[in-house]
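# Structural description and commentary
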Amino acid sequence: MSNRNNQANKAAARERIRAERERQKKKEKLRRQLVVAGTVAGVLVVAGGVGFMVMKANEPKGWEAAKEAEPVAPANTQGKNGTEILIGDKNAKETLEVFEDIRCPACASFEQSSGEALLKDIEDGRYRVRFSMYTFIDDTPAGGEGSKNALSALGAALNVSPEAFLKYKTALYSTKFHPEEQVDAYSKDSELLKVAATVPALKGNKAFETAVKKGTYDRWAMDMTALFGRKGVKATPTLMHGDKKLTIPQIPQQQMTQAQYNQLAQANFKKMIDKEFGPAKGSGKPEPGKGGSKDEGGSKGIREGEKDPSASR
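What you see is a predicted model; the values in this text were computed from it and never measured.

Analysis parameters
Residues numbered from 1 in each chain as written. Predicted model: local features only at pLDDT ≥ 70, side-chain atom pairs only at ≥ 80, totals over all residues. Heavy atoms only, no water. Pairing = 2+ DSSP bridges. Helix = DSSP H or I, 4+ residues; strand = E, 2+ residues; numbered from the N terminus. Axes fitted to C-alpha atoms, helices over the stretch in contact; angles between N-to-C directions. Buried < 20%, exposed > 50% of the residue type's maximum accessible area, 1.4 Å probe, protein only. Right-handed = clockwise from strand over helix to strand, strands pointing away. Arc of directions from axis to C-beta. Contact = heavy atoms within 4.5 Å.

Turning our attention to the sheet that holds strand β1 (residues 85–87). One open sheet holds the five strands; their spatial order is β1-β3-β2-β4-β5, and the pairing between them is mixed. Lying at the two open borders of the sheet, with one neighbouring strand each, are β1 and β5 (244–246). Adjacent strand axes in the sheet meet at a mean angle of 30°, parallel and antiparallel pairs treated alike. Strand direction decides the pairing type here: strand β2 (residues 95–101) and strand β4 (residues 238–241), joined by four bridges, are antiparallel.

Printed below as a string of structure tokens:
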């Protein structure tokens with residue numbers, strides 16, 4: 001082999017080695033680029049996942065989320081977002097306002113003793129009743145969600161009919177079902193449906209049951225809750241006629257049975273109503289001046305088309 005050929009072979013070998021090194025360098029560079037790209041993509045995915053989780057964590061949940069839900073008002077309501085529950089004869093000359101909280105033990109006592117008399121007055125057309133249902137007990141040290149959840153279920157009952165609403169409310173306040181204030185039984189849909197099963201219009205009513213389980217009227221319940229403090233009322237039960245707060249005569253502190261207490265409480269309720277609205281029809285007592293409240297500083301209450309002085313709340 002000539003020296004020239006030997007030199008050529010060596011040069012070719014060196015070129016092959018150089019080319020192989022270049023190929024390996026490019027391959028390594030590409031590998032590093034792919035690793036970096038994969039790492040960046042992984043970081044972005046993790047960062048995106050973390051961002052998504054943070055965003056979801058910051059989203060309102062439960063009853064806070066219900067405040068932002070699309071408003072759905074039950075049938076048989078009036079006013080903005082259906083927050084006026086006005087029940088009774090439209091031709092009734094007066095309107096009694098009743099402020100209650102479903103978990104309130106004092107409200108339960110009032111309903112158990114005087115609720116029947118109140119319902120009879122509504123049926124007789126003596127006055128209409130505007131119910132303002134509050135949920136402030138959920139925010140007291142007792143805590144829980146029972147007031148709001150029960151109010152949402154009452155909305156589902158009101159959507160069925162005013163009568164279903166009244167009977168369901170009576171059942172929720174009854175001695176059979178009403179829990180102690182510290183027991184948040186009504187936060188459970190199952191408990192609310194158990195009570196509803198005692199109301200003929202609600203028993204087996206699939207639309208009602210679905211509305212309770214889905215929380216169809218949760219937003220409505222929150223809108224009702226937002227009325228807390230209207231007309232200065234921050235305690236329950238409270239009864240008002242126009243701008244006048246009514247006071248039921250107290251029962252003397254003495255030993256008595258529950259039945260005796262209820263009898264006295266109902267008699268005192270009727271006495272207060274007679275004084276404010278005049279005696280009931282058929283009572284045989286002469287009626288005082290129209291409305292029975294002019295000399296007491298009261299007013300006629302909410303009438304059809306009348307502006308509610310608390311409507312701006």
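Next, the rest of the story.
Right, let's get into the pairing of β2. Within β2, seven of the seven residues are buried, leaving the element largely enclosed by the surrounding structure. Alternating residues of β2 divide into T95, E97, F99 and D101 and L96, V98 and E100, and every residue in both groups is buried. Sheet topology places β2 next to strand β3 (residues 128–134); seven bridges connect them, and they run parallel. What sits directly across from E97, in β3, is R130. As for the winding sense of the linkage, the β-α-β connection from β2 through helix α3 (residues 105–123) to β3 is right-handed.

Okay, helix α6 (residues 189–196) next. Taken together, the buried positions of α6 are E191, L192, V195 and A196. Projected down its long axis, α6 shows its buried positions confined to an angular sector of 140°, all on one face. Summarising the contacts, the buried residues of α6 are in contact with α4 (146–160), α5 (162–173) and α7 (206–214).

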